[in-house]
Structure formats: structure tokens, C-alpha cells
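Topology and contacts: notes
So the chains spell out like this:
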Amino acid sequence: METFSKLSSMLLHALETREPTVDLLESFVNHWKSITNYYIKTTDDSRPVRQTEIPWCLRQMLDILVYEEKQQVAETGACLEYLLQHKLLETLCTLGKAQYPPGMVQQVLLFFSKFLSQIQKPLLQLVNVYRPVQKLIGLCALPGSQTEVEEAQFLLVVCSRVKQDPPTLKNILQIVDSPAARALASDQSHSDTQSSNHRIEPTPPPSQSDSSTSSSVQSESGLLWALLQLTSSARGSVALKAFEGLLLLSALQAEPSGEILSDQTLLGELLAGRLLQLYSLLPMEDLDPGEVQSWPHKPWSSQFSHWRSDLRSASDHMTNFFSWLDFLDHLMEEAPQVLALKLARCVHQIWMFDILQPQLLHTCEQVVLVSTSILCVAVRFVRSRSLLDQLVHFLLRTNTLSPLLLQRCDHISDQISFASLSLVDELLQKPHEDILDVLVLSFLQSRGYVSPQEDKWTESNEAHEDSNGLEEDPFFSESLFSESQLLPAPPPRCSSSSAPLPGLGSAADVVNSFLCLVPVQVRSAQLFQEGGYESYVHDAHTQVTECRSLSLSWDWPPSLPAPSSAEGEEFFEGPLLKVLFDRLGRVLEQPYELNLKLTAVLSRLSSFSHPLLHEYLLNPYVHLSHCSRSLFSVLIRLMGELMQRIQRVPDLTDRLLNTRRDLLGLNTTTSRLEHVTLLRGLVVLEEFCKELAAIAFVKLGRP
């Protein structure tokens, strides 16, 4: 048996040694000649390429190239040398462009895609590779194309190879490397980097004409344009690959890549232009502002799970617009800083400044409502620092727009007021220091609301009881603060865990000051067996924690500054607090939903940990200067008005109980409609005071 095994082994060895060695180059050349001979001998122009040997020959050539590279890792193989020297890729590109035989461009795209993805050597550095690739890119995304699938795959492979070898980006984008262009790019990059390291003062966005003159790439050709066109393909798989290709290019972190894409291409203009195109498809006159404001956030990639090419409804157009906005935001998060800044400025110029601003200043209420609602959603969705900078600059530092947006929080139209308050509410939830600085803190910094006669740092309860502001209000008396009406103070274990903030009383004093604002005779929560302020503590703790996390890096002072206002100078709380206080003073005559949004904005402002906000919004004992008002003083005046108006409401207790049932959806019968706005406002007011008490408890009674 052993002898038989040895004999079999010898025979196999003999056969292997006698097998002729395959000449890879000869085989490669023969396959190529088979392709060229087809064009010499064939006269049938209508025969599809799939009915010829061309696809098979191309596959064999590719297999030979891959096999050869595996055998000769360190050197360029003879077959690859032949392909480069004889410019086979150029020839294939020409044949594909001619579409002879029919369908040839599809085979060329497949060959290029596999060639670039399977050959590991750095091919895009070679002129006889990147020039044919440039030409083939020019054949992609043309109108009426039947090869979108192959085009998208080819372009994605090109982007992947550029990611592996970032210096080849110039070759693919056909960038001319001139000294002037390098100097311009260097200066622009330095300027962008410097501006990003300081407080937000974005430079005016460049105009499209300026960008075009400094660009080396035309807007309707090249890799970027082709990818952008394919993002709107009717095929979801094609569009997804185009999105991924744009992300791959934009996320290149090699030092010159960001400058190239920013300064020597029209990438920013193209991407912002698509945003404008999708925005222009929105049927502004048919959109429901409430539906727009509550639009859910979905990642841009989620649209491909239910991709639709036939966009018929307003909802479809909204989905496309917000998906593209989310994609741009994600792209700016991934992109180098210089490119992210350029893209954000293009969005600012092309969409915000040129389109949104005229709509926000429009005289048509529907246009104002929808554009404000869309802007509100955009603020909520944005996460990238660059785009957020531009949004904040647009909203708060545009002279013709910023004052108007704040004034509209107190607009004659309740819908516009609600949309404007929602926009403010969204802004206050963004991690950007300038928002609070511009809207509130810059007006409180002088502490001009503090009476000059008051001690700079401490206040006594006796002085508070004797303050002129309270004496002038006939409905604010000690009867409102009788011992029987005080709600339980915070638990000692919490209130003693940290000292009160400077200028504030103890946690128990502050909490009870807000709780006792609403007189017992108009309280209805206990009639419905609802909880006191304790039911708000959990939500207050969550909101205060969120606000603290937002402001951690903002370098806020730990204590109050000394008052710096000039003697006799009248204090102005700022346009935002003015409209909020004015609105709060009319809470008994406003729609319920508007009151909820108003109190939400005020409670969020009260939750921030800046000492000035502590004092101005949550300190019941501050001595106000002449003609000044605080949140607490506005509430006091409101209680006086309330006590007058409830005299005209019969069966107050029963109606309050029914109102609460209505608001909770527990009433099965239709309630009487008289005084419904007043009663709902009273319920909101009672709950708002409990919410403020809970916020004060969390801020003063916890570490």
C-alpha cells in the first residue's frame, strides 16, 4: 500500500512539471485584441454588447490583473504596464462614450469599478489612470441615463480610493495647482480658523459670483456635480451611494483636502443650492404651521428604507427637505473645520439670507407662519457647531430681522406669537453661549433693576415686607402668606445640603413665596387631588440639569457683579424679557396653548444657573429700582388683577374643577363656555407658580 502511494505521488508530480506555464501577458493581450478585432470585423451596429464576447474578455483581463498583482506584490506587473503604456483605459472610455456596441458604457463602468476596487496599488496617482477616470466621470449623471446603478457604484469606488489616498483629490477634481490659488487658500484657511477660535462673529457669507471666480471646477461637470445629481435618483440604492460618496469626500481629514474642497470647488454652493431647490418645492400656502413645528427628527439615512420617487404630497416634500438639511448638518460634523465653515456660510447666504429673510419679513401671515415654523424645526435639528453659529448669527445679529422676531412673540396674531415663542424656546435649548448673552444677560449685566438704596449683596425679609413695590399693590398683603396657607417647606436633608445663593433667602422662604402667590380661594389643584409643587420637582431637576450641562463651558461667574448702572438711568430688561413679561401680564386673557408655551420659555430661563438669572427671575426679595419689574413682581400684579376679575365668576370652585377636567380630557359632557379663557389662565398660573417653586427648590436645595 505504501508503494502504491509513492507511485501515485510521483505520477502527479510528473504531470505538474509537464503542465505548460501560462503566459499572463500573452493571454491578457489576446483578450484585448479580441475586443479590438470585434470593431474591425463587425459591421452590425445594433447588436447589444451583451451578445458579444466583450464582457467576457473584460472579465478575463481583470482577473489576470488581480492574479498578477497577488503574485508580484512589490512590482508593477507586465499586464498592468501594458494597460498603462497602451492607454487601454483611455480607449475603453472612448468606446463607452460612443456607446458602440449599444450598452458599452455599462461594461466600461463595471470594468473601471472593479479595476479600481480590486487592484491595491495607488492607481489614481498615475496620469494614464486618473485622466480616463476624469473622462468617465463626465459621462455620469447625464439626463436620461440608463446606467445609474453602475454610475453610482463607479463614483463611490472613486471616492473610496480618494479617501485611501487623499493627495489624489486634486487629480480627480482637475484642480490646477497654481501659486496664486495656494496663497488664496492659505489665507482663507487661516482666517476661518482664527474666526472659529473666538466668539461668534461670522464674516458675511460670500456671494455666489465671488465663489465662482475663485473656483477651478465648473458647477455642471465633474465628480461633485455628478454625485449631487444622483442624490435625487428615483432608485434609492443609487441615491444612497451618492450620499455616501459626498460624505467620503467631505470627511477627508488630510490637511489640504478641506482647503481644496472649500476654496477651489463649488461644493458649498452646490449643496446649499440643492437645499434651496428642495425648499422651493414646499407648498407654503398649503402647509399647516402646527404640523411643521411638530415635525419629527429622522436621520437622513432613514429615508432610504422607504424611498419614493413620485413625490406628490406636501409631507413628501417636507421629508426630502429636512432629510437634506440633516445630511448637510451631519456632513458639517464630519468635515474639516475650514470646509464646514464654508458650507455653513453658503447655507446662510443662499437659503437663510436670500430666501428665508424675505419670507420672514413678508406681509402675508401664512408665509410668516410657515417660514418661522420651518426655522424653528431647523434650529431643533441642527447639531453641527458651524451651522448653529450661522443660525444664531442670522437670528440674533441680523439688524432688520432680529428685533422683529422678538416683537412677534407679542404679535396680534396668536399663531405668530406661538411660533415665535417656540423659536425662542428652541434657541434656549442649543449649546451656544451667545444666545443667552444677546437675548438676556447683556441687559441684566448692569443690575440696573436693583434699587440704589439696597445693600449690594444681602437682603433681609423685613426690608422686603416694607418695599414700596408691594405696598402699592392692594392685593398683595400678609393675608396671602398666613401660616395656614403655607405649603410644606423642602425636606431639611435637601435644603441644608448647600448654602443659598448670594442675595437669596433660604430655599424654604423662596419656595413658599412662589407657592403662596395664588390665593387659597382660587386654587383648584387640591380640589382635584393633584399634587403640590413636589410633582414638578422631578421635571425641574431634569431641566435644571440640562441647562447646567449646556452652560458648563461658558465660564459664567460664580457670584453677582456689583451694580454698575448710572444714577437715574432707567433700566430696560431687553426686548425678550419685555415681551415675555407683557405676555405674562395678560395670561388671563390668552389662549391656553399660548400660555403653556410662554410659561415653558420662562421656566427654562429660570433653570439656568447664571447668578443674574437667579436674582432677576427667582429672587422674591430683590429691591427693585424705580420703574423696574421682575418675574415675581409681574406675578404679584397679575394676582391683583385676578382677584378683581374672579368677582364676576359665579360658582368659581365648581367651574375651576370642571376646567381642570376639561383640560385633562375627563369631562364627558360639554362644560359652560363662559369665562373659559379666564379659568384656563388661572389654572396655568397656579401650575406655573408650582413649577417655579420646584425650580427654586432644585437650584437652592441641591448641591
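Anything mentioned here points back to the structure above.
Before going into details, it helps to say that this report is about the structure given with it.

Basis of the calculations
- Residues numbered from 1 in each chain as written.
- Predicted model: local features only at pLDDT ≥ 70, side-chain atom pairs only at ≥ 80, totals over all residues.
- Heavy atoms only, no water.
- Helix = DSSP H or I, 4+ residues; strand = E, 2+ residues; numbered from the N terminus.
- Buried < 20%, exposed > 50% of the residue type's maximum accessible area, 1.4 Å probe, protein only.
- Contact = heavy atoms within 4.5 Å.
- Phe/Tyr/Trp six-rings, centres within 6.5 Å; stacked < 30°, edge-to-face > 60°.
- Lys NZ or Arg CZ within 6 Å of the ring centre and 35° of its normal.
- Salt bridge = Lys/Arg side-chain N within 4 Å of Asp/Glu carboxyl O.
- Core = buried A, V, L, I, M, F, W, Y, C linked by side-chain atoms within 4.5 Å.
- Polar contact = N/O pair within 3.5 Å; in protein donor to acceptor, adjacent residues only side chain to side chain.

This brings us to the overall build of the protein chain. Helix and strand counts for the protein chain come out as 34 helices and zero strands. For the protein chain, the proportion of its 703 residues judged to be buried stands at 52%. Sequence separation of at least 24 residues holds for 82% of the intrachain contacts in the protein chain that already meet a minimum separation of 6.

What follows deals with the packing of aromatic side chains. The final tally for this structure, using the stated rule, is 27 aromatic pairs. Aromatic side chains Phe243 and Trp300 sit 5.4 Å apart centroid to centroid with 15° between the ring planes, which places their arrangement in the stacked category. Linking Phe243 in helix α13 (residues 236-250) with Trp300 in the loop between α16 (289-293) and α17 (314-334), this pair joins segments that are 57 residues apart in sequence. Side by side, Phe243 and Trp300 carry an identical accessibility label, which is buried. On the numbers, 5.4 Å between centres and 55° between planes, the contact of Tyr279 with Phe321 is tilted. Separated by 42 residues along the polypeptide, Tyr279 in helix α15 (residues 267-280) and Phe321 in helix α17 bring together distant segments of the chain. Exposure remark for Tyr279: the relative accessible area of 3% places this residue in the buried category. An aromatic cluster of at least three residues, connected via ring pairs, comprises Tyr279, Trp295, Phe321, Phe322, Trp351 and Phe381. Positioned above the aromatic ring of Tyr592 is the side chain of Arg680, whose terminal nitrogen or guanidinium carbon lies 6.0 Å from the ring centre.

The subject of this paragraph is the pattern of salt bridges. All told, the structure shown has 22 salt bridges when counted by the stated rule. Ionic pairing is found between Arg629 and Asp582, a salt bridge with its closest N-O pair at 2.8 Å. Of this pair, Arg629 sits in the loop between α31 (611-618) and α32 (631-645) while Asp582 sits in helix α29 (residues 575-584), and the two are 47 residues apart along the sequence. Beyond isolated ion pairs, a larger network of salt bridges with shared partners links Asp326, Asp329, Glu333 and Arg383.

In this structure, Phe115 and Phe154 are the most contacted members of the largest nonpolar core, which totals 211 residues. It is helix α34 (residues 676-701) that contributes the most residues to this core, 16 residues altogether. Leave out the neighbours within four places in its chain, and Phe154 touches Leu109, Phe112, Ser113, Leu116, Val133, Leu136, Ile137 and Cys140.

Further remarks concern the side chain of Gln134. Within the element layout of this structure, Gln134 appears in helix α7 (residues 127-137). One polar contact links the side chain of Gln134 to the main-chain carbonyl oxygen of Asn171, over a distance of 2.2 Å. Among residues more than four places away in sequence, those in contact with Gln134 are Asn171, Ile172 and Gln174.

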